[in-house]
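Per-entry structural report
Chain by chain, the residues run as shown.
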Amino acid sequence: IALISTPGTYAAAEALKALKRGLHVFLFSDNVAIEEEIELKAVGRRAGRLVMGPDCGTAILDGVPLGFANVVRRGRIGLVAASGTGLQQVSVLIDRGGAGISQAIGVGGRDLDERIGGAMMLDGLSRLAADPGTDVIVLISKPPSATVERLVLQAAATAGKPVVVNFLGGDATRVEQAGGVPAGTFEAAAAVAVALAGGQVAPEGTGVGDVQLDDDLEGAASAAAAGLGDGRVMVRGLYSGGSLAGEAKLILRAALGADATDTVRILDLGDDEYTVGRPHPMIDPRLRTEMLHEALMDPTTAVVLLDVVLGHGASADPAGPLAATIADARRGPLASRGGAAVVASVCGTTLDPQGLAAQEAALSDVGVIVASSNARAARAAARILEYRRRAASPQSRALA
């Protein structure tokens, strides 16, 4: 395997050289033209080689992590993902559920675009279907084009193994009609895969609108809403993971309905527009901490929503700068005027280099509400607004 992480202008040429020498390619580089991706994947398919990327953040092949990857146990669940942090979140939650990963193949965020045709997702699915070490397959992506979705679901129907399909915002009915098992969130995909790998029936209630909070998180959301000052109505998400940002948007929209249009602003700071000439925010937190400070100082902010991604390749202490920024803001004048709540989830395991418990504690120590998954963090953010609106309703004021 050749791992390529040069600036995008030069990446395709290096990937082509590697393919011509018989190597698989893990193409971490972003800002690669789609025409070059089309050519590389065509060459890769003819040569029987994987082209993971461009903009492929994560893979775990035969237990070896590539790019950003968490330390998860080996097992019999295989993943193919056009989503780096989506793959990380699912693999982490599978690990926490007591199961493990056979292979985790990233394919790059554009692979299921009409022009690419799902080339590497189809290749990865085929490889996992033939892999004797894989019992359950999970496919992860943003919604593909209709044509590509049909191709992928047709391939999934012939895999001969259970296939869990997590196309964020996709149609669960089409997945079921093709014989797959739909999952609306990353957490649901992990739970379904763990159940199937253990010979159990897949759990029900796996849609975007089915995310539930435990009593502790529900209580924290209620208390946070009660402490907000006047005029705080916005949820501002500052994400390092694009797929985690996408999942948060879906959950907030499902919970808040039409109100989400005016009250939710989610940014993916790992997007190409933010990484030209600077490291990814999972490596360098400076841009995100600057924007976090601005969000906390904004008197309209009710909730700031964050992801913290651990694992190989990520910052040695991703929670530290965020916690320091939050602590600094809460020492200021806003602290006595009902400052914004902060909700976060940590995507990691106990064996990650940064340490899951230490990273969660760093956030909790400065008053952050820490959820066990990104889906639950987004749902908790929505609950804070729901509690806030309930308290502000005319009926509530009359009762008071």
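Locating Ser-141 in the fold gives a position in strand 8 (residues 136-141). Ser-141 has contacts with Ala-82, Leu-112, Met-121, Asn-166, Phe-167 and Leu-168, leaving out every residue within four places of it along the chain.

This next bit is on the packing of aromatic side chains. As enumerated under the stated definition, the model contains one aromatic pair in all. In this arrangement the basic side chain of Arg-383 is found over the ring face of Tyr-387, its NZ or CZ atom lying 4.6 Å from the centre.

On to the sheet that holds strand 12 (residues 264-268). Spatially, the five strands line up as an open sheet ordered 12-11-13-14-15, and their pairing is parallel. Strand pairing shows two members of the sheet lacking a second neighbour, strand 12 and strand 15 (369-371), which therefore form its edges. If you compare each strand with its neighbour and ignore which way they point, the axes differ by 20° on average. Relative to strand 13 (residues 301-309), helix 13 (residues 319-330) is tilted by about 160°, and along the sheet it contacts strand 13 and strand 14 (341-347).

This paragraph deals with the nonpolar core. In this structure, Ile-77, Leu-79, Ile-94, Leu-252, Leu-305 and Ile-384 are the most contacted members of the largest nonpolar core, which totals 65 residues. Top contributing element to this core by residue count: helix 15 (residues 374-392), with nine residues. Excluding anything up to four places from it in sequence, Ile-384 contacts Ala-221, Ala-224, Ala-225, Leu-228, Val-303, Ala-341, Val-343 and Ile-369. Counting residues in hydrophobic clusters, the runner-up holds 42 residues, among them Val-43, Leu-50, Ala-59 and Val-148.

With that settled, the discussion passes to the state of the cysteines. Under the criterion given, the structure shown has zero disulfides. Looking at Cys-56, it has no disulfide partner, and the nearest cysteine sulfur is the one in Cys-347, 15 Å off. Judged by its relative accessible area of 2%, Cys-56 falls in the buried class. The exposure class assigned to Cys-347 is buried, which follows from its relative accessible area of 4%.

Here is what the cut-offs are and how they apply
- Each chain carries its own residue numbering, running from 1 in the direction its sequence is written.
- Where local features are concerned, this predicted model is filtered to residues with pLDDT of at least 70; where side-chain atom pairs are given and counted, the filter is 80 or more; whole-chain, interface and lining totals use all residues.
- Excluded from the side-chain calculation are hydrogens and water; included are all heavy atoms of the structure.
- Secondary structure elements are taken from DSSP: a helix is a run of H or I of four residues or more, a strand is a run of E of two residues or more, and numbering for both begins at the N terminus.
- Every residue pair with non-hydrogen atoms within 4.5 Å of one another is taken to be in contact.
- Side-chain rings of Phe, Tyr and Trp (the six-membered ring for Trp) are treated as a pair once their centres are within 6.5 Å; stacked means planes under 30 degrees apart, edge-to-face means over 60, and tilted covers the remaining angles.
- Charges are assigned to positions over rings by a cutoff of 6 Å between ring centre and Lys NZ or Arg CZ, combined with an angular limit of 35 degrees from the ring normal.
- Between any two strands, at least two bridges found by DSSP are needed for them to pair.
- To define axes, lines are fitted to C-alpha atoms, for helices over the stretch in contact only, and angles between the resulting N-to-C directions are given on a 0 to 180 degree scale.
- In this text, buried Ala, Val, Leu, Ile, Met, Phe, Trp, Tyr and Cys residues form a nonpolar core when linked through side-chain atoms within 4.5 Å.
- Here the term buried applies to any residue with accessible area under 20% of the maximum for its type, exposed to any over 50%, and partly exposed to those in between, with areas from a 1.4 Å probe on protein chains only.
- Disulfides are defined as cysteine sulfur pairs within 2.5 Å.

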